[in-house]
Amino acid sequence: MAAKIPIAQARMFNNVFVCRDCNRRVRTQPTRVIAKKVRCPGCGGSTFRPVRRK
Ligand SMILES: [Zn+2]
């Protein structure tokens, strides 16, 4: 079993969101996503979901 590395996990998942339309990852502040100030660089959409961690 690989050991969990909290710092690496935080870097990979904190403040990262996925575009609902094209699944592109965007790193930004959650407050900016809620305020819809974030545009997807791929499709220009503004609907995002948090990254799922497994
Ligand atoms: Zn997109």
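Residues numbered from 1 in each chain as written. Predicted model: local features only at pLDDT ≥ 70, side-chain atom pairs only at ≥ 80, totals over all residues.

Draft legend 1. Structural view of unusual backbone geometry. Despite not being glycine, Asn15 shows a phi value in the positive range, around 60 degrees. In this structure, Asn15 sits in the loop between α1 (6-13) and β1 (16-19). A residue is classified by how many C-beta atoms lie within 10 Å of it, and Asn15, with 15 of them, is partly exposed. With phi around 60 degrees, Asn23 is a residue other than glycine that occupies positive phi space. Tracing the backbone shows Asn23 in the loop between β1 and β2 (25-27). When the 11 C-beta atoms within 10 Å are taken as the criterion, Asn23 is described as exposed. (Helix = DSSP H or I, 4+ residues; strand = E, 2+ residues; numbered from the N terminus. Buried ≥ 20, exposed ≤ 12 C-beta atoms within 10 Å, placed from the backbone.)

Draft legend 2. Seen up close, the nonpolar core. Of all hydrophobic cores here, the largest spans 5 residues; its members are Phe17, Cys19, Val38, Cys40 and Phe48. Look past the residues within four positions of Phe48 in its chain and what remains in contact with it is Phe17, Val18, Cys19, Arg20, Val26, Val33 and Val38. (Core = buried A, V, L, I, M, F, W, Y, C linked by C-beta atoms within 7 Å. Contact = placed C-beta atoms within 7 Å.)

Draft legend 3. Quick look at α1. Burial of α1 is sparse: only 0 of the 8 residues sit out of reach of the surface. Two residues or fewer past α1, Asn15 is found with a positive phi of approximately 60 degrees.

Draft legend 4. Summary view of the sheet that holds β1. If you walk across this open sheet you meet the 3 strands as β2-β1-β3, and the pairing is antiparallel. If you trace the sheet from one side to the other, it starts and ends with β2 and β3 (48-50), each paired once. Between one strand and the next, the sheet's axes are offset by a mean angle of 40 degrees, whatever the strand orientation. Across 3 bridges, the pairing between β1 and β2 is antiparallel. By the bridge assignment, Val16 is partnered in β2 with Arg27. (Pairing = 2+ DSSP bridges. Axes fitted to C-alpha atoms, helices over the stretch in contact; angles between N-to-C directions.)

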